[in-house]
Amino acid sequence: MQLRVVLFLLFAVSAFAAPQNFSGSGLPTPSAHLLTERWPAFWVTHPAAPKNEYGVYLFRKQLDLARPPEKFLVHVTGDSRYRLFVNGHSVSFGPQRSDPLVWRYESVDLAPWLHEGKNIVAAQVWSYGEDAPYAIVSLRTGFLLQGDTETERAVDTNESWKVFRDDAYRPFPPDRARLKTFIVIGPGDRVEGALHPWGWETAEFDDQAWPAVRLLGHGIPQGWGTDVSWWLNPRSIPLMEETPLRLARVRRASGVQPATDFLAGKTPLTVPARTKATVLLDQGFETNGFPQLTVSGGKGGRVTLTYAEALVDQSGKKGNRDEIDHREIVGVSDEFRPDGGAHRHFAPLDFRTYRYLQLDIAAGEAPLVVEDLHGVFTAYPFQERGSFGSDDPALTRLWTTGWRTARLCAFETYVDCPYYEQLQYIGDTRIQSLISLYVSGDDRLMRNAIELFDRSRLPDGLTQSRYPSVSPQVINTFSLFWIDMIHDYWWHREDDAFLRARLPGMENVLGWFEQRIDPETGLLGPLPYWTFVDWTKEWPWNETLGYGGTPAGAREGGSAIVSLQLAATLQHAAELARAFGQEDRARHHEQLAAGLREAVRKLCWDDQRRLFADTPGKRSFSQHANVLAVLSGAIEGEAARELIGRVAHDTSLIQASTYFRFYLLRAMKQTGLGEEYLAMLGPWHDMLARGLTTFAEQPDPTRSDCHAWSASPVYELLATVCGIEPASPGFATVRIEPHLGQLQHAEGKVMHPKGEISVSLVRENEGLQAKIFLPPGVTGTFIWKSQRTELKSGEQSLRFP
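In this section: the overall build of the chain. Secondary structure assignment for the chain yields 14 helices and 35 strands. Expected size for 801 residues packed as a compact globule is a radius of gyration near 28 Å; at 28 Å, the chain falls within 12% of this value. Projected onto the principal axes, the alpha-carbon positions of the chain cover approximately 80 × 60 × 60 Å. Counting across all 801 residues of the chain, residues that qualify as buried make up 62%. The contacts of the chain with a sequence gap of at least 6 include a subset with a gap of at least 24, amounting to 74%. Looking at the chain as shown, the accessible area adds up to about 29,500 Å², and 50% of this sits on carbon and sulfur atoms. Counting 82 positive and 97 negative side-chain charges, the chain places the centres of these two groups 1 Å from one another.

So, in structure tokens, the structure goes:
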């Protein structure tokens, strides 16, 4: 059960940084024969393990070495999840989330942890049973480890491995009755210390009583054999970051009073026998982490750890997130019951998300000593290589909060929210991907997402709206955003083979929508599945239909909103098709888009209100329809500018949420109104004023305090305020058109495939002084109030009167 931390060092990036190579996972490459031939190693399990029920299993293999090896490469995976240890040290956690068609494995060099003599390679493997997270796709409980060459084959999983079912573990499902919301992240852990084989992962442990494993079948690479059963593929992304993180402060305590240096790990917290104690801890900001609890004594006692993004009052409302008076913690929990031994270490199997962590301790007949409690932060190892600064300190706080939100919503896939779902939704992922590209330059998680959604497609053509997911869900509009996401990738990266492979899926999605265009109206007819557009009060959850966020016309036909979204996506699809030599398809998509635009203009424009209505019935008007009218080209030029200028401030319309404001801004920039962006950040500043340390799913009352789609200002501060955007596919050239609003100074760095783009902007009365750096081989254009200047590679200074 010992969980020792694997640190992934993040190196600082100097100014004008050289490009980084983000191809592959960064892990060692498997031998070629393992990519095409059946593996000698077997999938193994416990002799009595059921196929899919909950269980935690411990695997061990002794390895005797005459001398420490310089290299010892193995390939490892498990179902549902595993953590690999070498001589007690945690060295890998996985597998990368995927599906049986592309089952991922990690390639790890064990040499740094091996020594002369007796070594133990061990793994903790678990299956979730009926409480499985929606994001974890599973076939059956199993473990597989393959040595890369004959040298390493001594540790192949076969009948020489031993296994133990760890009945100390029981699932601790979330209290959904109290949470009163949709939560599908899997169970907490309830661990009975007296049943756990302490020290099982070390060489000193005696495993003679453990049975040999049961063999399930050889590991097989993708494409081998007749059945799709754990088709093995190398990991495509790096291992997750794991970095120690100390809790910040004690907010309140009862029953005991922790010492001032308890959270520093210096003075233990002792709870006397037959005493109950509660300690509320505050990280100071929301985080993801594996809590690390070390206790001694306390036999017959109980320690419960409860995690929450915020505390709630008696009515269940969060209020200011910094406030704790008259508030309680409600959330996901773990429970550890000590066996009375010394230095017992508990860490949950999966990471937890929290700002607040509460310890509820019930000591039995013996004192219970909490020696230490801290976290191990975990997330996708994005590096904050991009940056933004200005003369407005509020924007610095907004940047920091937005980047934290983006990081906590990125793990082995992007996720919508880390606390409740941990599911990769297309709507969130498109925005997250742009943040990743701009701030880190790392495109691997974006590629992974595009590929996963492509693989999720149903026989009728649509993608699933979230994937991987054991519970399929289809939001038809998200399939269109998937195509837009492919277009985003094409605009920012030169990756022809990857993009060309996506074109058939793109055509299948568009074919599904084309079949549903009503020939009489020219608009989209009735649409099956969930036609989600945005969470607004006018489109609430409908208990009768079982969904919400759906505008008028989606179910019965005639939706201007979805018809215009389709038209905008068809334009992107036409550009992609033309770029890859499919001129006929490009013209077809353009013709369809033109027909949809004309139908909306004819049937949904309201002369009296000078707005596009949501349907031909003209009883509902939203920002969404008018935003998409601009983005699709249904209205252009000065008319579009005048329209969106009114729409952005018309509170009588159905309002765009923090999510859909991403598209409202796209329309404002397209019509020359980008200068208004900074004045539109009120909802984000309001969240900060309410003590949030990440950006929420929607304004209060909100379920999720950390939601990916609300992190968009991080991207916009660079793309809109600093104005740095691609001017041609593959980011081959750059366009820089700042929108400073009331700022007197702004500076930013964006990561480009060839290096770093940086700008420094200073107002001089009505003029501007700009310093720009473009990486080698990159040119572009700088635009300031209709004045255009060509940019070259390297550093340059400009002055505009």
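Right, let's get into the side chain of Gln473. For Gln473, the location among the structural elements is in the loop between helix H4 (444-455) and helix H5 (476-492). In this structure Gln473 touches Tyr425, Gln464, Ser465, Arg466 and Trp530, once residues within four positions along its chain are discounted.

Take the pattern of salt bridges next. Going through the model one piece at a time under the given rule, you end up with 52 salt bridges. In this structure, the salt-bridge partner of Arg646 is Glu642, at a minimum N-O distance of 2.6 Å. Placement of the pair is Arg646 and Glu642 together in helix H11 (residues 637-647), with a separation of four residues, close to one helical turn. We note a salt bridge from Arg735 to Glu737, for which the minimum N-O separation is 2.4 Å. On the basis of relative accessibility, which here comes to 32%, the residue Arg735 falls in the partly exposed class. We classify Glu737 as partly exposed; its relative accessible area is 22%. Through salt bridges with shared partners, a single network forms among Arg190, Glu192, Arg302, Glu335 and Arg337.

Attention now moves to the confidence of the model for the chain. Here the chain shows a mean pLDDT of 96. Residues at 70 or above account for 97%. For the stretch residues 1-18, pLDDT sits under 50, and the model shows 53 contacts to residues farther than four places along the chain or on other chains.

Let's shift gears to the packing of aromatic side chains. Considering all chains together, one arrives at 43 aromatic pairs under this definition. Considering the side-chain rings of Phe478 and Phe532, the 6.0 Å spacing of their centres and the 90° angle between planes classify their relative orientation as edge-to-face. Taken together, the residues Phe478 in helix H5 and Phe532 in the loop between helix H7 (503-514) and helix H8 (560-579) connect sequence positions 54 residues apart. Assigned by exposure class, Phe478 and Phe532 land together as buried. Between Trp512 and Phe513, the aromatic rings sit 4.8 Å apart at their centres with planes inclined by 75°, giving edge-to-face as the arrangement.

Looking at Gln473, the relative accessible area reads 15%, which means it is buried. Sequence separation of Gln473 and Tyr425 is 48 residues, and the distance between their C-alpha atoms is 9.8 Å. Reaching out from Gln473, the side chain makes a polar contact with the side chain of Ser465 at a distance of 2.6 Å.

How each quantity is defined
- Residues numbered from 1 in each chain as written.
- Predicted model: local features only at pLDDT ≥ 70, side-chain atom pairs only at ≥ 80, totals over all residues.
- Heavy atoms only, no water.
- Helix = DSSP H or I, 4+ residues; strand = E, 2+ residues; numbered from the N terminus.
- Rg over C-alpha atoms; globule rule 2.2 N^0.38 Å.
- Buried < 20%, exposed > 50% of the residue type's maximum accessible area, 1.4 Å probe, protein only.
- Contact = heavy atoms within 4.5 Å.
- Areas by Shrake-Rupley, 256 points an atom, 1.4 Å probe, with all protein chains shown as cover.
- Lys, Arg positive; Asp, Glu negative; His and termini not counted.
- Charge placed at Lys NZ, Arg CZ, Asp CG, Glu CD.
- Salt bridge = Lys/Arg side-chain N within 4 Å of Asp/Glu carboxyl O.
- pLDDT = per-residue confidence, 0-100.
- Phe/Tyr/Trp six-rings, centres within 6.5 Å; stacked < 30°, edge-to-face > 60°.
- Polar contact = N/O pair within 3.5 Å; in protein donor to acceptor, adjacent residues only side chain to side chain.

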